[in-house]
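# Per-entry structural report
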Amino acid sequence: MLYSIGKDSSVMLRLAEKAYYPGPIPFPLMHIDTGWKFREMIAFRDQTAKQIGFKLITYTNPRGVLEGIGPITHGSAYHTDVMKTEALKQALDLHGFDVVFGGARRDEEKSRAKERIFSFRAAGHRWEPKAQRPELWNLYNTRINPGETIRVFPLSNWTEADIWQYIRQESIPIVPLYFAAKRPVVMRDGQWIMVDDDRLPLENGETPEMRTVRFRTLGCYPLTAAIESTAMTLDEIVAETLGATTSERQGRIIDHDGAASMERKKQEGYF
Amino acid sequence: MDTLRFITCGSVDDGKSTLIGRLLFETKLIFEDQLETLKADSMKFGTQGERLDFALLVDGLQAEREQGITIDVAYRFFATPRRRFIVADTPGHEQYTRNMATGASTAEAAVLLIDARKGVLTQTKRHSRIASMLGIRHVALAVNKMDLVGWSQPVFDEIALTYRRFAEDLAFETITAIPISALEGHNIVDLGHAAMPWYEGPSLLLWLETVQTVDRDTARPFTMPVQWVNRPNLDFRGFSGRIASGSVKPGDSVRISPSGVATRIKEIVVWRDPSTEATAGQSVTLVLEDQVDASRGDVIAAASHPVECADQFEADLFWMSEHALLCGRPYAALIHTKSASVTITYIKHRLDINTGAHLAAKTLGLNEIAKVNVSFDRSVPFTSYGENKRLGAFIIIDKLTNETVGAGIIHFALRRSANVHWQALEVTKIARAEMKHQRARCLWFTGLSGSGKSTIANLLEKRLHTKGKHTYILDGDNIRHGLNRDLGFTEADRVENIRRVAEVARLLVDAGLIVIVAFISPYRAERQFARSLFDPGEFIEVFVDTPLEECERRDVKGLYAKARRGELKNFTGIDSVYEPPQSAEIHLQTMGLAPENCADQIVQVLGSEKEIRPPTYPM
């Protein structure tokens, strides 16, 4: 199961715990680490793995490390290609996983809205959006040939509001970054970017200011914008989510890399 | 708050995607950043001039936006103070009807769009029949583009009447006709537009908010197909699955199908605190009082209403593959949590999409619907689809391509499966074979015409005969003179040809003989079917591997020359495919090897002490 440390992954983790309870989760969780995640995410990841006791695999693309690829020096598109898409494919091949669970939801983005719950991948992890298998009822065809894989999205029909309501109902632990707090941020292209470590080069005249912000979605910190918010409890987050006038993906800078960019990334193997 | 799952369907360009986009817009469910993207996209791809093209909100694939069509079903989510909605926007093109069926299978209601200028089309009817077959009972007939027919009431009334007449023999409980303009937004959310004062309501959104779908599953007796046996340690053994109907409490008496064993519920496990009750739709792990045996695909049910089992059914089948359905060919199938192998034994009739007439059919093509008899290779617990969708629906999968090719719903079990019992005979196959001092076997020769199958088979039989073995040859040409003389060389007939020969071979092996079958048998699926009739180790596939060029050079019967001249259709290797075995027990590469040596090689394998291991196949 892919584990990105975000809220959807936290829900997936709880569902997996429940599904196999009282036994342990029978498969490992895998985190594709780009090296640019918020520090609080990594701390939360390691603490959660220890607490629950699942097997955690982390993987970072060695080529990316060797060439020093990052979102600031190489741009968001190239960074995502190498450190997420390419890394994911490498990791899946390395471990020979033929079925992978992911926490993607159909309400996130237009091309995701088109994807099956059991999403079939041809050899080389390619998604063929024009030739998806029919998927009737909850009868999932899991037959594949060697080299082919399936990505399974159990949260397909959940909405962002569902996720928050479930987290509240089940008291599921989540990364503190989702709650409002005073954090050092700079304004770039109309978005609040958090200065999580000293790798973020400040431009002329930029000085980090402390603002009360939180995150609706988490990823690589230079590519994930914060929103101004005072929501410090789950109740306040749920209320804010239900009244939101922008989509959660607005804070994801990689989604704006050209029209239909998500579909293209997915075809190439992105989750 | 309850959730309504519905689809929008109808023919191409009836305005389905535009309608959904409009619904999202009017219910304020388009976020500001999405609206900005929509504005930009409308300039780039839009078909509405300066105005917003709402279809672009839903058509999420690049190819869809470029072509202005919907290819695959899109799921969107919205809510009003009264209800939450999951809408599946399904494609109108006939080519993508299977994607429409994908959306319809999980929907409770349908918004069927009709272009007011075009009226009821074939594709309108096709979608209606599929929706009805899959159990949708409530339809809003949204007559769209009223602006283009001058908001005319007579036009609307005529379409509504035509549709109601057509739908008389379908299973819809309510049909509500609503005149709309998705483009202008009329009668979508509010009524009272000056253009259609004659229409009194409801608006489409009001219909969606108020349409009464009955949850029949919760009120029915308890059933749960076992998805997984949860056994983390010696102290715990539970049966996990999603409850298909009814509810369950600790202490309830239950019965397991097919074993028929009765016991009680000891505990319902979901998470750390045990549950006191669980109902339809919930995923749970059940711990039973007694140490009973149950596995994936079994069904746990209320003891007062145990679930029936059968292996043959009458079913409706929707075919979703460009490759036609072949009666007698074994396919893989999945019914609730049970995997099985199935064959369609008989097509009772195919449905004429337009008229509903029952047509005779030997095969089924893409997007066709038929009433069929289906035979499972094992007894499966089931209910009719009408009683419970989760226990009465199945999908059919091509064993070779792994594509999902068919979707079926069970009407009832065929009585013959309950009444024709297997007669247990006391003299066994082993006893018969031992009397002949041999092990009964089926040697299945496959290969191109002219590859040497008959020659080698003949030599082999002579060798075995001199060793005192009891043998028999089933030769392709010879059988076609008698038993199979009614069959030709189409794909469907070739499948039936092999099915009959395989059954005869099984009888002869049962009689204790060593049977040599020499048939081209070009398709893997049928050879796998033949194999499935025999016990492990009994069936030995012999691949007589002679290259096509060599067979054609020999051309003993002059058939290749005929086929090349076009005088012989469906000839294997020329205009009909040969699928070579992937792992035959014996692989004879005949080039540079005399037929005598080939026969010796087989005798050697048969005589060797070690067991001949069958290759492993997926299911």
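Each value, and the rule that gives it
Residues numbered from 1 in each chain as written. Chains lettered and ligands numbered in written order. Predicted model: local features only at pLDDT ≥ 70, side-chain atom pairs only at ≥ 80, totals over all residues. Helix = DSSP H or I, 4+ residues; strand = E, 2+ residues; numbered from the N terminus. Buried ≥ 20, exposed ≤ 12 C-beta atoms within 10 Å, placed from the backbone. Contact = placed C-beta atoms within 7 Å. Pairing = 2+ DSSP bridges. Axes fitted to C-alpha atoms, helices over the stretch in contact; angles between N-to-C directions. Nonpolar A, V, L, I, M, F, W, Y, C, P; charged D, E, K, R; others polar. Domains from an automatic or database assignment. Core = buried A, V, L, I, M, F, W, Y, C linked by C-beta atoms within 7 Å. Expected span 1.5 Å × (residues − 1). Left-handed = near helix turned anticlockwise from the far one by under 90°. pLDDT = per-residue confidence, 0-100. Bend = angle between axes of the 7 residues up to and from the residue. Parallel < 35°, antiparallel > 145°, perpendicular 65-115°, else oblique.

### Observations concerning the overall build of chain A
Each helix and strand counted, chain A has eight helices and nine strands in total. C-alpha extents for chain A along the principal axes are approximately 55 × 45 × 35 Å. Here chain A holds 271 residues, and 45% of them are scored as buried. When contacts within chain A are restricted to residue pairs at least 6 apart in sequence, those whose partners lie at least 24 apart make up 75%.

### Quick word on the overall build of chain B
Secondary structure assignment for chain B yields 18 helices and 29 strands. With the C-alpha coordinates of chain B rotated into their principal frame, the extents come out at 95 × 70 × 45 Å. Classification of the 619 residues of chain B by burial places 44% in the buried group. Of the contacts made within chain B by residues no fewer than 6 positions apart, 72% connect residues no fewer than 24 positions apart.

### Observations regarding the sheet that holds strand β26 (residues 471–475) of chain B
Residue and element names in this part refer to chain B. Across the sheet, which stays open at both edges, the five strands sit in the order β26-β27-β25-β28-β29 with parallel pairing between neighbours. Every interior strand has two partners, whereas the edge strands, β26 and β29 (586–589), have only one. The sheet shows a mean angle of 15 degrees between the axes of neighbouring strands, direction not considered. In the sheet, strand β25 (residues 441–446) pairs with strand β28 (residues 539–545) via five bridges, with the strands oriented parallel. Bridge pairing in β28 links F445 to V542. Along the sheet, helix α12 (residues 453–466) makes contact with β25, β26, β27 (514–518) and β28, crossing β27 at roughly 165 degrees.

### Overview of the interface of chain B and chain A
A common way to report how large an interface is uses the accessible area buried once the components associate. If you look at the interface, chain B gives 39 residues, while chain A gives 33 residues. Elements supplying a minimum of two residues to the side of chain B that touches chain A: α2 (32–45), α3 (62–67), β2 (74–79), α4 (97–104), β8 (228–233), β18 (331–335), β23 (393–397) and β24 (404–413) of chain B. Classifying every residue of the side of chain B that touches chain A by side-chain character gives 22 nonpolar, ten polar and seven charged.

### Here we look at the sheet that holds strand β3 (residues 84–89) of chain B
All names here are of chain B. Within the open sheet, the six strands sit side by side as β2-β3-β1-β4-β5-β6. Their pairing is mixed. The open sheet terminates on both sides in strands that have one partner only, identified here as β2 and β6 (174–179). Here the strands of the sheet are splayed against their neighbours by 25 degrees on average, with no regard to which way each runs. As defined by bridge partners, strand β5 (residues 138–144) adjoins β6 across six bridges and the pair is classed as parallel. Paired with A140 across the two strands is T176, which belongs to β6.

### Some words on the environment of S42 of chain B
Along the chain, the position of S42 of chain B falls in helix α2. Between the alpha carbons of S42 of chain B and F54 of chain B there is a distance of 8.2 Å; along the sequence they are twelve residues apart.

### Examining the domain arrangement of chain A
All names here are of chain A. We note that the domain assignment places domain 1 (7–159 + 260–267) and domain 2 (175–256) within chain A. For domain 1 versus domain 2, the separation of C-alpha centres amounts to 23 Å. Contact residues are listed per partner, giving 17 residues for domain 1 and 17 residues for domain 2. Contributions of two or more residues to the side of domain 1 that touches domain 2 are made by α2 (39–52), α4 (71–74), α5 (76–95) and α8 (261–267). Here the side of domain 1 that touches domain 2 takes four residues from α2, the largest share from any one element. Of the residues assigned to the side of domain 1 that touches domain 2, the class counts are seven nonpolar, four polar and six charged.

### Considering the nonpolar core
In terms of nonpolar packing, the biggest core is built from 166 residues, with A110, A142, A333, V517 and V542 of chain B touching the most fellow members. If sequence neighbours within four positions are ignored, A110 of chain B has contacts with F6, I7, C9, A131, I136 and V139 of chain B.

### Observations concerning the pairing of β29 of chain B
Residue and element names in this part refer to chain B. Covered by surrounding structure in β29 are I586 and L588 only, the residues H587 and Q589 on the alternate face being uncovered. As defined by bridge partners, β28 adjoins β29 across four bridges and the pair is classed as parallel. By the bridge assignment for β29, F543 is matched with H587.

### As for the domain arrangement of chain B
For chain B, the assigned domains are domain 1 (3–214), domain 2 (217–302), domain 3 (309–417) and domain 4 (429–607). Relative placement of domain 1 of chain B and domain 2 of chain B: their C-alpha centres are 40 Å apart.

### What to know about helix α1 (residues 7–20) of chain A
All names here are of chain A. With 14 residues, α1 should cover 20 Å at 1.5 Å per step; its first-to-last C-alpha distance of 20 Å lies within 8% of that length. Taken together, the buried positions of α1 are occupied by K7, D8, S9, S10, V11, M12, L13 and A16. On its buried side, α1 packs onto β3 (99–101) and α6 (160–170).

### Topic: the packing of α4 of chain B against helix α5 (residues 122–133) of chain B
Residues and elements named next belong to chain B. With their axes 10 Å apart at the nearest point, α4 and α5 run at an angle of 35 degrees to one another. In this structure, α4 meets α5 at a crossing whose hand is right-handed. Facing T97, M100, A101 and A104 of α4, the residues of α5 in contact are R126, H127, I130 and A131. Within the contact of α4 with α5, the residues separate by chemical class into five nonpolar, two polar and one charged.

### Section: the confidence of the model for chain B
Caution is warranted with low-pLDDT regions, since their predicted coordinates should not be read in detail. Residue and element names in this part refer to chain B. For chain B, mean pLDDT is 89; residues scoring 70 or higher make up 95% of the total. Confidence over residues 609–619 falls short of pLDDT 50; this stretch has 14 contacts with residues more than four positions distant or in other chains. Taken over the whole predicted complex, pTM reads 0.80, whereas the ipTM for its chain interfaces reads 0.89.

### Some details on α5 of chain A
Residue and element names in this part refer to chain A. Taking 1.5 Å of rise per residue, 20 residues should cover 28 Å, and α5 covers 27 Å from first to last C-alpha, within 8% of that figure. The sharpest bend along α5 comes to roughly 30 degrees, located at A87. What α5 keeps buried is the set H79, T80, D81, M83, K84, A87, L88, K89, A91 and L92. The secondary structure elements touched by the buried residues of α5 are β1 (29–32), β2 (56–59), α3 (62–67), α4, β3 and β5 (149–152). One or two residues past the end of α5 sits G96, with phi positive at roughly 65 degrees.

### Structural notes on the environment of A302 of chain B
All names here are of chain B. Checked against the element boundaries, A302 lands in strand β15 (residues 299–302). The spacing of A302 and R264 is 38 residues in sequence and 9.5 Å in space, taken between C-alpha atoms. Setting aside its immediate chain neighbours within four residues, A302 contacts P221, F222, G246, D252 and V254.

### Quick word on the packing of helix α14 (residues 491–510) of chain B against helix α15 (residues 524–532) of chain B
Residue and element names in this part refer to chain B. Direction vectors running N to C along α14 and α15 enclose 20 degrees, while the axes themselves pass 10 Å from each other. The orientation of α14 relative to α15 falls into the category roughly parallel. Relative to α15, the crossing made by α14 is right-handed. Contacts from V495, I498, R499 and A502 in α14 reach E526, F529 and A530 in α15. Looking at the contact of α14 with α15, its residues break down into five nonpolar, no polar and two charged.

### Digging into unusual backbone geometry
Residues Y21 of chain A and P22 of chain A are joined by a peptide bond in cis, for which omega reads 5 degrees. Along the chain, P22 of chain A falls in the loop between α1 and β1. The omega angle of the peptide bond from S257 of chain B to P258 of chain B is 5 degrees, so this bond is cis rather than trans. In this structure, P258 of chain B sits in the loop between β11 (253–257) and β12 (262–269). Look at N367 of chain B: it is not a glycine, yet its phi comes out positive at around 70 degrees.

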